[in-house]
Amino acid sequence: MSQTAEQVPTCAVAIVGGGAAGLACAIAAGRIWAEQQALAPALLGKPAEERPAGQLPVVLLEKQDRLGRKLLATGNGRCNLSHQPLDRAAYHGTDPAFADAALNRFGANETLDWFRQLGLLCRTDPDGRVFPYSYQASAVLDLLRLELDRLPVAVLTRWRAAAIQPDGKSGLTVISEADDRLSAGQVVLATGGLAAPAFGCQGDGYTLLGALGHRLIEPKPAIVQLTTPREAVRAWTGIKVEGRATLRRGSAILRQEDGEILFTEYGVSGPPILQLAGLVNQHSARSGRPLQLEIDFLPLLAEAAVTGFLAARLARNGQLPLKSLLTGLVHKRIGQSLARQVSGLSLDAPCASLDMLQLQQLAWQLKRWPVPVTGTRDWTQAQVTAGGLQTADFDPDTLASRRVPGLYAAGEVLDIDGDCGGYNLQWAWSSGRQAGEAAARASLGQWPT
Ligand SMILES: Cc1cc2nc3c(=O)[nH]c(=O)nc-3n(C[C@H](O)[C@H](O)[C@H](O)COP(=O)(O)OP(=O)(O)OC[C@H]3O[C@@H](n4cnc5c(N)ncnc54)[C@H](O)[C@@H]3O)c2cc1C
């Protein structure tokens, strides 16, 4: 049954979405309100998820049955929560500089201090990725939830926001799918994007704010595997190589990444490949020459050195069968298919059958094995959304909407995305805290009504 006007609970700040950004936001807003109010011990004795809305200044709304489910899956369960140093070139969007204000205020060092205060020790791997010391994502979520329990925050789960409406006075009303209502002085939207819908991300935030006049940059999957013609990679399914992946359009190199590359039945995966996906989707939308991926199986060697090595091997043992020519250089299956492709001969033929031009071609293939990119895998496989709510509609210093007074947005729902390596969670923490503090400060004096 829906509430009557008198029954609608009110709060100072309502946060829609209990993922990384929403949790950071609720903690930031709760801390500001904790400094303002003598807290009612009877209410705070209960866990945040058992407290009623309407009696506490901050309310966190989550449509799933638990907070932070996606967080548990991050970094393969290890939660790569930040990156040190925090390279700003790793952030993308129509205006990546929009993220600077939040990232300057709440950067990587500041975030690590924040977590330390919550009781979480972190470690930074040699490549800059920051993890909880225990490598357990569950520790991160547990400590965030414990902090909510200490603060004047109520959490409502299984509460899916279906509309946000200005209440005609100075506040906003959030209306659930079940037609429950919550009235708030300020509302922060932290509903994430479209990546990994199993964790509750189905683009709700775009619909909610679209209805209020906010503009959307078309969302595309990012940090996701690339697809190629199946016949190009099928024989190598399951093979992992330490190599270099280069994304090209014609002669232009769009991006180059080193690391472990995995061949799969649909295409290619692995950290360097995931980094290229955002660009693939961006460039696929433009007309022009098709995108091509080149894989360097021997990034530590120059092409001439590879040719020289092969020529020396052939000179030493011309009777060596072709199938063994690349043994010791690359994975056996990869070596044999390249040798067959370049020579057009049986793999039992002797290496001496190859001429110098064919040896050079073989070295070229090992350094620049080309494969057309047909696209990326879909939202179910993507870790991040590129695109989202247009940042020009928000103030970067507060993350307040320029279109709807009292409304804010934080995290992946905005048109900011980061590279693999902890950049996306860092954006969620930084923007969540930025919006939470700004919304709480704006709400002081507005509640209790
Ligand atoms: C498998 C996987 C691994 C990842 N690993 C990493 C990593 O190691 N490091 C890193 O930096 N990034 C990682 N990411 C990306 C990172 O998790 C996200 O960028 C980040 O969680 C975004 O935070 P967010 O709070 O903006 O959105 P989300 O975490 O997506 O949270 C949004 C929340 O809002 C809720 N919600 C949505 N609509 C509504 C509604 N209408 N009403 C109420 N609630 C709603 C959702 O249920 C969800 O709980 C990973 C992502 C995935 C999928």
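J.: Explain the overall build of the protein residue by residue, including any values.
T.: A count of helices and strands for the protein gives 13 helices and 21 strands. Over its C-alpha atoms, taken along the principal directions, the protein stretches across nearly 90 × 45 × 35 Å. By the burial criterion, 55% of the 449 residues in the protein qualify as buried. Pairs at least 24 apart in sequence give 76% of the contacts found in the protein among residues at least 6 apart. One finds the centroid of the 43 positive side-chain charges in the protein at a distance of 5 Å from the centroid of its 42 negative side-chain charges.

J.: I'd like a description of the state of the cysteines, backed by residues and values.
T.: Applying the stated criterion to the full structure yields 0 disulfides. Looking at Cys25, it has no disulfide partner, and the nearest cysteine sulfur is the one in Cys11, 11 Å off. Accessibility expressed as a relative area gives 0% for Cys25, which makes it buried.

J.: Can you lay out the sheet that holds strand S12 (residues 226–227) for me, pointing to particular residues and giving the numbers?
T.: If you trace the 7 strands from one edge of the open sheet to the other, you get S17-S16-S13-S14-S15-S12-S18, paired in antiparallel fashion. Strand pairing shows two members of the sheet lacking a second neighbour, strand S17 (369–372) and strand S18 (375–376), which therefore form its edges. When strand S13 (residues 240–249) meets strand S16 (residues 291–296), the two strands line up antiparallel, connected through 6 bridges. Bridge pairing in S16 links Arg244 to Asp296.

J.: Can you tell me about the domain arrangement of the protein, naming the residues and giving the values?
T.: Partitioning the protein into structural domains gives domain 1 (9–221 + 386–443) and domain 2 (225–377). Between the C-alpha centres of domain 1 and domain 2 the distance comes to 42 Å. Of the residues lining the interface, 5 residues belong to domain 1; the matching set on domain 2 comes to 8 residues. At the boundary of domain 1 with domain 2, total buried surface from both sides reaches about 510 Å², with 46% on carbon and sulfur atoms. Across the contact surface, domain 1 and domain 2 share 1 salt bridge. In this structure, Arg255 and Asp419 form a salt bridge, with 2.8 Å as the shortest nitrogen-oxygen distance. Linking domain 1 with domain 2 are 3 residue pairs in polar contact (both at pLDDT 80 or more). Partitioning the side of domain 1 that touches domain 2 into residue classes produces 2 nonpolar, 1 polar and 2 charged.

J.: How would you sum up the sheet that holds strand S3 (residues 82–83)? Please name residues and give values.
T.: Read across the open sheet, the 3 strands follow the order S3-S6-S5; overall the sheet is antiparallel. On the outer flanks of this sheet lie S3 and strand S5 (122–124), each paired with one strand and no other. Sheet topology note: the S3/strand S6 (residues 129–132) ladder contains 2 bridges and is antiparallel. Note on S6: the bridge partner recorded for His83 is Arg129.

J.: Before we move on, can you summarise the site of the ligand with the specific residues and values?
T.: Ala21, Glu62, Lys70, Glu412 and Leu425 are the nearest of the 35 residues found near the ligand. Between Gln64 and the ligand, the recorded distance is 3.1 Å, taken from a side-chain N or O atom to an oxygen atom. In the model, an oxygen atom of the ligand is placed 2.9 Å from a nitrogen or oxygen of the Gly75 main chain. Starting from 1,000 Å² of accessible surface for the ligand in isolation, the protein chains cover 94%. Within the residue set of the shell around the ligand, elements represented by two or more residues are helix H1 (20–36), helix H3 (69–73) and helix H13 (423–443). It is H13 that provides the largest number of residues to the shell around the ligand, a total of 4 residues.

J.: Summarise the nonpolar core; cite the residues concerned and give the values.
T.: The nonpolar side chains of a soluble globular protein tend to be buried with one another. The biggest cluster of nonpolar side chains holds 92 residues, and the ones touching the most others in it are Leu144, Leu148, Ile164 and Trp429. With 10 residues, H1 is the single largest residue contributor to this core. Residue contacts for Leu148: discarding those within four places in its chain leaves Leu23, Ala26, Ile27, Ala48, Arg51, Leu60, Leu67, Val153 and Val155. Judged by nonpolar contacts, the second largest core, of 47 residues, contains Trp236, Ala277, Leu310 and Val373.

J.: Give me the packing of H1 against helix H6 (residues 137–150): which residues, what numbers.
T.: Here H1 crosses H6 at 30°, and the two axes come no closer than 10 Å. As the angle between them shows, H1 and H6 are arranged roughly parallel. The handedness of the crossing between H1 and H6 comes out as left-handed. Residue-level contacts link Leu23, Ala26, Ile27 and Arg31 of H1 to Leu141, Leu144, Glu147, Leu148 and Arg150 of H6.

J.: Pulling in residues and values, what's your account of H1?
T.: Look at H1: 25 Å from first C-alpha to last across 17 residues, which is about the 24 Å you get at 1.5 Å a residue. Taking burial as the measure, the 17 residues of H1 include 13 buried ones, the bulk of the element.

J.: Any details on the pairing of strand S19 (residues 384–389)? Residues and values, ideally.
T.: Among the 6 residues that make up S19, 6 are buried, leaving the element largely enclosed by the rest of the structure. Bridge analysis of strand S11 (residues 216–222) against S19 gives 5 bridges, and the strand direction is antiparallel. The residue bridging Leu216 from the neighbouring strand is Leu389, located in S19.

J.: Account for the environment of Cys201, naming residues and giving values.
T.: Tracing the sequence through the fold places Cys201 in the loop between strand S10 (181–189) and helix H7 (204–210). For the pair Cys201 and Trp379, spaced 178 residues apart in sequence, the C-alpha separation works out to 9.7 Å.

J.: A description of the pattern of salt bridges should follow, citing residues and the corresponding values.
T.: A side chain of one charge can pair with a side chain of the opposite charge if their charged atoms are brought near each other. Applying the stated criterion across every chain yields a total of 22 salt bridges. When the shortest N-O distance is used, the salt bridge between Arg244 and Asp258 registers 2.7 Å. Linking Arg244 in strand S13 with Asp258 in strand S14 (residues 252–263), this pair joins segments that are 14 residues apart in sequence. Judged by relative accessible area, which is 44%, Asp258 ranks as partly exposed. Counted as one network, the salt bridges with shared partners bring together Lys63, Arg160, Glu177 and Asp204.

Cut-offs and rules
- Residues numbered from 1 in each chain as written.
- Predicted model: local features only at pLDDT ≥ 70, side-chain atom pairs only at ≥ 80, totals over all residues.
- Heavy atoms only, no water.
- Helix = DSSP H or I, 4+ residues; strand = E, 2+ residues; numbered from the N terminus.
- Buried < 20%, exposed > 50% of the residue type's maximum accessible area, 1.4 Å probe, protein only.
- Contact = heavy atoms within 4.5 Å.
- Lys, Arg positive; Asp, Glu negative; His and termini not counted.
- Charge placed at Lys NZ, Arg CZ, Asp CG, Glu CD.
- Disulfide = S-S within 2.5 Å.
- Pairing = 2+ DSSP bridges.
- Domains from an automatic or database assignment.
- Buried area = accessible area lost by both parts, 1.4 Å probe.
- Salt bridge = Lys/Arg side-chain N within 4 Å of Asp/Glu carboxyl O.
- Polar contact = N/O pair within 3.5 Å; in protein donor to acceptor, adjacent residues only side chain to side chain.
- Nonpolar A, V, L, I, M, F, W, Y, C, P; charged D, E, K, R; others polar.
- Near = heavy atom within 4 Å.
- Areas by Shrake-Rupley, 256 points an atom, 1.4 Å probe, with all protein chains shown as cover.
- Core = buried A, V, L, I, M, F, W, Y, C linked by side-chain atoms within 4.5 Å.
- Axes fitted to C-alpha atoms, helices over the stretch in contact; angles between N-to-C directions.
- Parallel < 35°, antiparallel > 145°, perpendicular 65-115°, else oblique.
- Left-handed = near helix turned anticlockwise from the far one by under 90°.
- Expected span 1.5 Å × (residues − 1).

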